[in-house]
Amino acid sequence: MPLDIVIGAQWGDEGKGRAVDLLSKSSQIVARYNGGDNAGHTVTVGPKIYKLHLIPTGLIHPDVIGVIGCGMVLNPQTLVEEMDMLRRGGIKINPERLWISDAVQLITPGHRLLDRAQDAALGNGKLGTTGRGIGPAYTDRASRRGLRAGDILDLEFFAGRLRAHLEQVNLTLTESLKQPGIDIEYVLKEYMDYAVQLRPYIRRIGPLLQEALKDGRTILAEGAQGTLLDLDQGTYPYVTSSCTTAAGVFSGLGLGVQPVRAVVGVVKAFQTRVGAGPFPTELQGDLAVFLRGTGANPWDEFGTTTGRPRRVGWLDLVLLNYAREVNGLNELFLTKLDVLSGMKEVLVCVAYQRNGDTLTSLDFSGDARMLDGCMPVYKTLPGWQEELRGCTRWQDLPAAAQNYVKFIEEHTGLPVKTVSVGPERDALLYRD
Ligand code: IMP
């Protein structure tokens, strides 16, 4: 009864879609347990590129069941659009293949408006959220006034809850934020329509997953965002509002605690971040442009959800070791090694200098202010000039690229089992 978990080991956008796509081949159920349509997973299948924000990427495999767990926040509009997009791409979507937790919280246009207005109101201190309503939806959940997917099974009850929510949002928008209010009747009509479409997909997920595990089926939990964006363990307050670490899988799926087979940390060969917050190894200038790309290619470092250019920097092994600890990672999946080709030398952060001390591990839980005071200490490794795109086996990699991977293994104590060397689905090398 194997349960595997795929986690972003950095600030999100590590290429988790690649790892999930690969592991989905040997899984029967792929379940998302955190976040909402702030996530963006790109999967390239032949000539087709799927950009998914909400639906588990594993659903692209015909025999996989996709699950939207209760730890997520669900925007019905995005879900309905993604279902249509996948259907147009020839992928079967029906209630047997897609299960929505009855306990998942719903995002409304009210949450989105609040998110944008509240972040803008922070001025220079703004977090740079994706504007998808994530924070306000999780706030409503914690305040016990949220709307749950199960509510739509009773349309009259749901309409009453939704109206009360929108009235509350309008009060905040107009009174505190001095913004125009929302058209309540319009949203009510729109949401009744979504409710009718989504009703057949709603399930009590926990027992179904428990039963699947007992039957020997493999469940893959697909993390969204990354460890350093975790609400508690991340670079607070520059974080998202959900549990992005492996620990969130159980509560986020309504599953009892049980052994996990693989906790795969997906890590990019360099570091990226969207939005505000500390980033000790951040680069500017030509090197940054080199790593980011121009935006001409879908795999360049521009946000899948917002299109924003990502901040880029050298790989930070202090933070990667932190991610290993807080998730209990037992293997790594390294992405985008090909992007480093052409560099004379490659730097890797192995420690920080803070107030005259050298730190090789974090002695605090990601706190943004403390990380701001950390200066990276780098190890310089030789670069390589060869293109990696054609490599199909580990032995094909130039020695310097192999050394880079081995250096990561030595400094984390984790095996790098898979390396991606191009955007194509099969541009993967296996270490064994
Ligand atoms: P929110 O999740 O929209 O509230 O945004 C909070 C922070 O998390 C911002 O810095 C976002 O840029 C960042 N963030 C949220 N989702 C993702 C993601 O999927 N990838 C990378 N960054 C993300």
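About the cut-offs
- Residues numbered from 1 in each chain as written.
- Predicted model: local features only at pLDDT ≥ 70, side-chain atom pairs only at ≥ 80, totals over all residues.
- Heavy atoms only, no water.
- Helix = DSSP H or I, 4+ residues; strand = E, 2+ residues; numbered from the N terminus.
- Rg over C-alpha atoms; globule rule 2.2 N^0.38 Å.
- Buried < 20%, exposed > 50% of the residue type's maximum accessible area, 1.4 Å probe, protein only.
- Contact = heavy atoms within 4.5 Å.
- Expected span 1.5 Å × (residues − 1).
- Arc of directions from axis to C-beta.
- Polar contact = N/O pair within 3.5 Å; in protein donor to acceptor, adjacent residues only side chain to side chain.
- Phe/Tyr/Trp six-rings, centres within 6.5 Å; stacked < 30°, edge-to-face > 60°.

Visitor: If you had to explain the overall build of the protein chain to someone new, which residues and values would you point to?
Guide: When helices and strands are tallied, the protein chain shows twelve helices and 20 strands. A globule of 432 residues ought to have a C-alpha radius of gyration of about 22 Å, and the protein chain, at 22 Å, matches this closely. Considering the protein chain as a whole, with its 432 residues, one finds that 58% of them fall into the buried category. Partitioning the contacts of the protein chain with sequence separation of at least 6, the portion at a separation of at least 24 is 76%.

Visitor: I'd like a rundown of helix H6 (residues 184-198), residues and numbers included.
Guide: Taking 1.5 Å per residue, 15 residues should reach 21 Å; H6 reaches 21 Å between its end C-alpha atoms and fits that length. Turning to H6, its buried residues are Ile184, Val187, Leu188, Tyr191, Tyr194, Ala195 and Leu198. Buried residues in H6, looked at end-on, bunch into an arc of 130°, giving them a common side. Structural note: H6 exposes Tyr186, Lys189 and Val196 on the side pointing more than 90 degrees away from its buried face. Between a side-chain oxygen at the N-terminus of H6 and the backbone nitrogen of Glu185 the separation is 3.3 Å; the capping residue is Asp183.

Visitor: With reference to specific residues and values, describe the packing of aromatic side chains.
Guide: Scanning all chains against the criterion turns up three aromatic pairs. Between the aromatic rings of Trp11 and Phe279, the centroid separation amounts to 5.1 Å while the plane-to-plane angle is 50°, which identifies the pairing as tilted. Taken as a pair, Trp11 in the loop between strand S1 (3-8) and helix H1 (16-24) and Phe279 in the loop between strand S12 (271-273) and helix H9 (285-292) lie far apart in primary sequence, 268 residues in all. One exposure class covers both Trp11 and Phe279, and it is buried. Aromatic side chains Trp384 and Tyr404 sit 6.0 Å apart centroid to centroid with 55° between the ring planes, which places their arrangement in the tilted category. Of the two residues, Trp384 sits in the loop between strand S18 (375-382) and helix H12 (399-412) while Tyr404 sits in helix H12, which places them 20 residues apart along the sequence. The pair formed by Trp384 and Tyr404 is uniform in burial state, with each residue classed as buried.

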